[in-house]
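# Structural characterization, general
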Amino acid sequence: MRTKAVATAALLALGLTACGAEIAPSQAGSTSAHYPVTVENCGEKLTFAQKPARVVTNDVNITELMLSLGLADRMAGYVMPDDKGQVDKVAWKDGYQQTKWLSKKVLTKEIALDAKADLVFAGWHYGFDEGSGVTPQAFKALGVDSYVLSESCRSGKGSERGVMDPLEALYTDLANLGEIFDVKDRADKLIADSKARIAAVPAPGHRPSVFLYDSGQDKPYTAGKFAAADEIIAKAGGDNIMGDLADTWVTAGWESVVQRDPEVIVINNYATPGAEEKRKFLLSFPPLANVSAVKNDRIFVMDYVDLVESPRNPAAISALADYLRSVPAR
């Protein structure tokens, strides 16, 4: 996907209480009767002889999976662009001060090696990429373990991503991290709180159709059925018009958007162009002139970190649900 984030005030406010997460003190020592421990990650068995002590993470969502479990002291640092957004109101904000911002560019093997990483936590198109040579296999050859974000797991059909429902990917990663770092109680609580918060979202009287607009003018980049955004939309009471695409983040065609006539457009806000520029483009793009969301100016802005697998997903669902409940039936 990319490395990006700019948070909206409403979602950040929700993030204050998201899942009841707190930064907790680390457990002393890196070995215990808990180890060795084996978890399944993207269809592969990973075994850890001891608790990783120098983890390098890529991007804001992956970093916050660690921080939400109180694991800042097990991190060597994180790679994140300068547009990571406001992080001073999330429940785990103190974790950012407890670890190091290694780079504002892209994850490289050199960054991980310089940080003396014993584990790299990234994902396909979230740092891992064959084109750059930054892959789990490359790190394995260097003696460094890797963990792949479950939202980005490849299906085995070329570079297609997605092997499980997006929220299941979130819960899977939290549970696996709980095992890997011997913080199962924290992980179980975060998972239970997340599920409870999502279950408490009121059922809609009407399910508006929703188009997720990430970027692109010639062709739109959007969310397929395995992207976290798809299930966020569904749990919030909407229907993703591109939910039939068997991938995570994909390029579609404007013709499909027009034909499916979404009632709401959700803008994924990050980097440049910003949300306001994207909004102006959508409202002035001639092919979309008769699309319901454009005609009625029903465009909702959300932050990147809320729309990819992250511990902010429950708060994102609540915020979007509040907006969708205001959309009248056609």
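Quick note: structure is the one above.
Residues numbered from 1 in each chain as written. Predicted model: local features only at pLDDT ≥ 70, side-chain atom pairs only at ≥ 80, totals over all residues. Heavy atoms only, no water.

### Remarks on the sheet that holds strand E13 (residues 264-269)
The sheet built from 4 strands is open, its strands ordered E11-E9-E13-E14 with parallel pairing. Strand pairing shows two members of the sheet lacking a second neighbour, strand E11 (239-240) and strand E14 (299-303), which therefore form its edges. Strand direction decides the pairing type here: strand E9 (residues 209-213) and E13, joined by 4 bridges, are parallel. Along E13, the bridge assignment pairs valine 210 with valine 264. Lying over the sheet, helix H10 (residues 275-284) contacts E9, E13 and E14, oriented at roughly 145° with respect to E13. Contacting E9, E13 and E14, helix H13 (residues 313-324) crosses the sheet at an angle of about 175° to E14. (Pairing = 2+ DSSP bridges. Helix = DSSP H or I, 4+ residues; strand = E, 2+ residues; numbered from the N terminus. Contact = heavy atoms within 4.5 Å. Axes fitted to C-alpha atoms, helices over the stretch in contact; angles between N-to-C directions.)

### Examining the packing of aromatic side chains
Under the defined criterion, the tally for this structure stands at 14 aromatic pairs. Centroid distance phenylalanine 121 to tyrosine 147: 5.2 Å. Interplanar angle 85°. Geometry classified as edge-to-face. You can see phenylalanine 121 sitting in strand E6 (residues 119-124) and its partner tyrosine 147 sitting in strand E8 (residues 145-148), a full 26 residues away along the chain. Aromatic rings pair up to connect Phe211, Tyr213, Trp254, Phe281 and Phe285 into one cluster. Over the aromatic face of tryptophan 101 sits the side chain of lysine 104, whose NZ or CZ is 4.8 Å from the ring centroid. For arginine 154, the ring lying beneath its charged end belongs to tryptophan 124, and the centroid distance is 3.9 Å. (Phe/Tyr/Trp six-rings, centres within 6.5 Å; stacked < 30°, edge-to-face > 60°. Lys NZ or Arg CZ within 6 Å of the ring centre and 35° of its normal.)

### A word on the pattern of salt bridges
Enumeration over the complete set of coordinates arrives at 13 salt bridges. Where arginine 207 meets aspartate 239, a salt bridge forms, and the shortest distance between an N and an O atom there is 3.3 Å. Remark: aspartate 239 occurs in strand E11 and arginine 207 occurs in the loop between helix H7 (184-199) and E9; sequence separation between them is 32 residues. Residue arginine 207 is classed as partly exposed on the basis of its relative accessible area of 36%. Look at aspartate 239 and you get partly exposed, because its relative accessible area is 38%. As a salt-bridge pair, aspartate 244 and arginine 260 come within 2.9 Å of each other at their nearest N and O atoms. Taken together, the positions of aspartate 244 in the loop between E11 and strand E12 (249-251) and arginine 260 in helix H9 (residues 254-260) put the pair 16 residues apart, joining distant regions of the chain. (Salt bridge = Lys/Arg side-chain N within 4 Å of Asp/Glu carboxyl O. Buried < 20%, exposed > 50% of the residue type's maximum accessible area, 1.4 Å probe, protein only.)

### Observations concerning the state of the cysteines
All chains considered together, the criterion is met by 1 disulfide. Between the sulfur atoms of cysteine 42 and its disulfide mate cysteine 153 the distance is 1.9 Å. Taking the sign of the torsion about the S-S bond as the criterion, the disulfide between cysteine 42 and cysteine 153, at about -80°, is left-handed. With cysteine 42 in the loop between strand E1 (37-41) and strand E2 (44-48) and cysteine 153 in the loop between E8 and helix H6 (166-180), the pair connects residues that are 111 residues apart, well separated along the chain. The class for cysteine 42 is partly exposed, based on a relative accessible area of 30%. Among the residues examined, cysteine 153 registers a relative accessible area of 1% and is labelled buried. (Disulfide = S-S within 2.5 Å.)

### Considering the side chain of glutamate 151
Looking at the element boundaries, glutamate 151 is found in the loop between E8 and H6. One buried charged side chain, glutamate 151, makes no salt bridge at all; its nearest oppositely charged neighbour is arginine 161, positioned 7.1 Å away. For glutamate 151, the side chain forms a polar contact with the main-chain nitrogen of alanine 228, separated by 2.7 Å. Each residue touching glutamate 151, except ones within four places of it in the same chain, is listed here: Tyr126, Gly162, Ala169, Phe226, Ala227, Ala228, Thr248, Trp249, Val308 and Glu309. (Lys, Arg positive; Asp, Glu negative; His and termini not counted. Polar contact = N/O pair within 3.5 Å; in protein donor to acceptor, adjacent residues only side chain to side chain.)

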